[in-house]
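This is what each chain is made of:
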Amino acid sequence: MKKEKIVTKPNAKNMVENVLEQFNSAADQANLNENVRKILSITNNEIIVHFPVKMDNGKVEIFSGYRVQHNNALGPYKGGLRYHSTVDIDAARALAMWMTWKTSLAGLPYGGAKGGIQLDPSLYSDGELERITRRFTYALGENIGPDYDIPAPDVNTNAQTMAWMADTYMSTKSPSERSLNQHVVTGKPIESGGLEGRTQATGYGVYFLIKMWADENGISLKGKKYTVQGFGNVGYWASYFLAKDGAKLIGVQDATCSIYNEKGIDVEKLFAYASANKGSIEGYRKATEIDKLAFFGIDCDILIPAALGNQITEKNAHEIKAKLVAEGANGPTNVEGEKILLANGVSILPDILCNSGGVIASYFEWLQNRNGEIWQLDDVFVKLDKKLAESYRKVKDYAKAEGIDFRTAAYCIAIKRIEKAYIQRGIFP
Ligand code: GLU
C-alpha cells in the first residue's frame, strides 16, 4: 500500500504572512525608517519561466521555474534553488525575504533571493533531472550571474545540480569568459570550483550554534537527547556533529515516516540505510515507527526542524518538550507557534542565525573562485566558526540589552544594517 507523504504541505501564503509579521514586529522594535520599511516589505524582481524538457520516453513536459529577488542593497542577490512540489511564487517570495535577513545578519556583501522548480524529483531519472536543470538555467539567462544573482543548493538540490548549472551558464559565454563565470553558483563539487566543507556547512553551523547556546547555559551536550525533522543534508550533518559530541539522536521524521528509539539511533547507520533507500528512512529496523503526530511530543532536550516551513504551529507547539528548538529549515516555526514556545520557556535559535553556516560557506566559495584560490578544509572551519560565533554574540547581546527574543533581535540587527545603506545612499533619482 502506498503511504501518504506526511510532512504537511506548507501553505505558501502563510509563509509570506509569517515572514512579514516577523519583519514588521522587528521594524517596530527597531523603529525602522518608514521608507525602508516600504522597500523591504516588497520583492524587487519576480521571474517565472515555463520551459519544455524532453523526457526519457521521448515526450515533452513543461516545467515552471521561479526566482524571486527580494533585495540587493548590500550586494548581489543570493540564495538557494529547491526542487519540490511546494515551490510556487509565494513560497519563493517568503524564502527570498528570509535570505535577505540571513545574509545581512551574517555580515555578508549579499542581498536575498530564492527559487526553484515545482516538481517531485523522485519521479524523474538522473538524465531527466540534468536536462531539467540545464534548461531551467538557460531559461533564467542573465537573470542570474556571478555578480548579480548567485543560486546555491537547497531542498532536493545538491552539488551535482550546481555543477550542471555552472556548466550550462558558462557554456553560454564566449570561450575566453567561461572561467570568469564559475562563481555564478555556489555549492559546486570540489573538483568543479566547490569549497571543501560547503556540503557540511549548514548542518555544522546548526551544531555549532547549539554548542554555543549550551556552553553559555552551562549545559554539556554529552548524553543530551535530540530529535530531527528531515534527514537530508542539514538534518544529517547536524546529527553527525551532535553525535560526535556525545549527544543521542532518539527520533527522526522525514516525508515518509517517523521513527523513535529511546536508546539512541546510530546516525551513520541510518544515513547508510537512507542513502540506499532513495533518501527515505522508512523501514529502518533499529527503531520503532511512531505516529507522525507523536513526533513533536517526543521527550527530548533539543529539537531540530530541518525540513520545510510552517511545521511548528499553534497546532503542535504546546506538545514540544525540548528546551531548545534549533531551526535548520527556513521558516519552520510560525508566529503563533513561536509565541507558545516562548511562553513555555523553550529557547529558539532562529533560522536566519541557526542555518546561516551554508550561505557563509557559499560566500567563502565565491571568494575562492573570484580570487582563483583553493582553500583548505581547516581554514574553512576556522573562518566559519569565527563568523558564526560573531553572529551568535551579536544576537545574544542585542536580545539581552533590549529584553527581547532571539528572532526579533536577529531581525533588528539585519534590517538596521540594510537601513544604514539606504540612508547613506538615498533613493535614485
Ligand atoms: N539554501 C541555503 C539557505 O537557505 C544556502 C543558500 C546559499 O548558500 O546561497 O541558506
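Note that the structure is a prediction, hence the values are computed from the model and not measured.

**Q** Looking at this structure, I do not really get the overall build of the chain. What am I missing?
**A** The secondary structure content of the chain amounts to 13 helices and 12 strands. Taking 429 residues into account, the globule formula puts the C-alpha radius of gyration at 22 Å, and the chain, at 21 Å, falls close to it. The proportion of buried residues among the 429 residues of the chain is 58%. In the chain, the share of contacts with a sequence separation of at least 24, taken over all contacts with a separation of at least 6, comes to 69%. For the chain, the computed accessible surface area is about 18,300 Å², with 51% contributed by carbon and sulfur atoms.

**Q** I tried to follow the pattern of salt bridges on my own but got confused; where do I start?
**A** Pairing of side chains with opposite charge becomes possible as their charged atoms draw close. On inspection of all chains with the given rule, the structure shows 19 salt bridges. One salt bridge in this structure joins Arg37 and Glu34, with 3.7 Å as the shortest N-O distance. Of this pair, Arg37 and Glu34 both sit in helix α2 (residues 34-40), separated by three residues, roughly a single helical turn. Here Asp56 makes a salt bridge to Arg131, at a shortest N to O gap of 2.9 Å. Placement of Asp56 in the loop between β1 (45-54) and β2 (60-71) and of Arg131 in helix α4 (residues 126-140) is noted, with a sequence separation of 75 residues between them. Exposure remark for Arg131: the relative accessible area of 34% places this residue in the partly exposed category. Taken together, the shared-partner salt bridges connect Glu327, Glu338, Asp351 and Arg407 into one network.

**Q** Would you mind showing me how to read the packing of aromatic side chains here?
**A** Each aromatic ring pair is summarised here by two numbers: the centre-to-centre distance and the angle between the ring planes. By the definition in use, this model includes 26 aromatic pairs. Aromatic pair Tyr204 and Phe208: ring centres 6.1 Å apart, planes at 35°, arrangement tilted. A residue pair is termed a helical-turn pair when its members lie 3 or 4 positions apart in one helix, as Tyr204 and Phe208 do in helix α6 (residues 198-216) at four residues. This pair shows no difference in class: Tyr204 is buried, exactly as Phe208 is.

**Q** Which parts of the structure should I look at to understand unusual backbone geometry?
**A** Phi is mostly negative for residues that are not glycine, and the peptide bonds are mostly trans. Across the junction of Phe428 and Pro429, the peptide omega takes the value 10°, indicating a cis bond. Here Pro429 lies in the segment after α13 (406-425). Positive phi, normally seen in glycine, also occurs at Lys278, with a value near 55°. Non-glycine residue Asn310 carries a positive phi angle of around 55°. Asn310 gets classed as buried once you look at its relative accessible area, which sits at 11%.

**Q** Explanation requested: the side chain of Lys188 in the structure shown.
**A** Relative to the elements of secondary structure, Lys188 occurs in the loop between α5 (159-171) and α6. Lys188 gets classed as buried once you look at its relative accessible area, which sits at 4%. In this structure the side chain of Lys188 is engaged in a polar contact, spanning 2.7 Å, whose partner is the backbone oxygen of Val185. At a separation of 2.7 Å, a polar atom in the side chain of Lys188 contacts the side chain of Asn369. In this view, Lys188 contacts Ala159, Met162, Ala166, Gln182, His183, Gly193, Gly194, Leu195, Glu365 and Asn369; residues no more than four positions away in its chain are not counted.

**Q** Just checking my understanding: could you explain the site of the ligand for this structure?
**A** As a structural note, the neighbourhood of the ligand is formed by 14 residues, with Lys78, Lys102, Pro153, Asp154 and Ser362 the closest of them. One of the side-chain nitrogen or oxygen atoms of Lys78 is found 2.8 Å away from an oxygen atom of the ligand. One of the side-chain N or O atoms of Asp154 is found 2.7 Å from a nitrogen atom in the ligand. Coverage of the ligand by the protein chains reaches 95% of its 300 Å² of free accessible surface. Secondary-structure elements contributing two or more residues to the shell around the ligand are β3 (77-83), α3 (89-105), β5 (149-153) and α11 (357-370). By residue class, the composition of the shell around the ligand is four nonpolar, five polar and five charged.

**Q** Explain the pairing of strand β7 (residues 248-253) here, please?
**A** Looking down a regular strand, the side chains alternate between one sheet face and the other. Judged by how many residues are buried, β7 sits mostly within the fold: five of six residues are covered. Handedness of the crossover joining strand β6 (residues 225-229) and β7 through helix α7 (residues 233-244) is recorded here as right-handed. When β7 meets strand β8 (residues 258-260), the two strands line up antiparallel, connected through three bridges. Counted as the bridge partner of Val252 is Ile259 from β8. Following β7, the chain reverses through four residues before pairing antiparallel with β8.

**Q** Is there a simple way to explain the environment of Val87 in this structure?
**A** Looking at the element boundaries, Val87 is found in the loop between β3 and α3. Separated by 21 residues in sequence, Val87 and Tyr66 have C-alpha atoms that sit 8.0 Å apart.

**Q** Hey, could you run me through the packing of α6 against α11 in this one?
**A** How two helices sit against one another is set out by the angle between their axes and by the gap between those axes. For the pair α6 and α11, the least separation of the axes is 7 Å and the interaxial angle reads 150°. Seen from above, α6 lies across α11 with right-handed handedness. Taken together, the residues of α11 that come into contact with α6 (itself represented by Arg198, Ala201 and Thr202) are Gly357, Gly358, Ala361, Ser362 and Glu365. Grouping the amino acids of the contact of α6 with α11 by side-chain chemistry returns two nonpolar, four polar and two charged.

**Q** What should I look at first to understand the sheet that holds strand β11 (residues 324-326) in this one?
**A** Whenever strands of a sheet pair, they do so through backbone hydrogen bonds, lying parallel or antiparallel. Spatially, β9-β8-β7-β6-β10-β11-β12 is the arrangement adopted by the seven strands of the open sheet, whose pairing is mixed. Of all the strands in the sheet, just β9 (288-290) and β12 (347-349) have a single pairing partner and so form its edges. Strand-to-strand twist of the sheet, defined as the mean angle between neighbouring strand axes without regard to direction, takes the value 25°.

The rules we used
- Residues numbered from 1 in each chain as written.
- Predicted model: local features only at pLDDT ≥ 70, side-chain atom pairs only at ≥ 80, totals over all residues.
- Heavy atoms only, no water.
- Helix = DSSP H or I, 4+ residues; strand = E, 2+ residues; numbered from the N terminus.
- Rg over C-alpha atoms; globule rule 2.2 N^0.38 Å.
- Buried < 20%, exposed > 50% of the residue type's maximum accessible area, 1.4 Å probe, protein only.
- Contact = heavy atoms within 4.5 Å.
- Areas by Shrake-Rupley, 256 points an atom, 1.4 Å probe, with all protein chains shown as cover.
- Salt bridge = Lys/Arg side-chain N within 4 Å of Asp/Glu carboxyl O.
- Phe/Tyr/Trp six-rings, centres within 6.5 Å; stacked < 30°, edge-to-face > 60°.
- Polar contact = N/O pair within 3.5 Å; in protein donor to acceptor, adjacent residues only side chain to side chain.
- Near = heavy atom within 4 Å.
- Nonpolar A, V, L, I, M, F, W, Y, C, P; charged D, E, K, R; others polar.
- Right-handed = clockwise from strand over helix to strand, strands pointing away.
- Pairing = 2+ DSSP bridges.
- Axes fitted to C-alpha atoms, helices over the stretch in contact; angles between N-to-C directions.
- Left-handed = near helix turned anticlockwise from the far one by under 90°.

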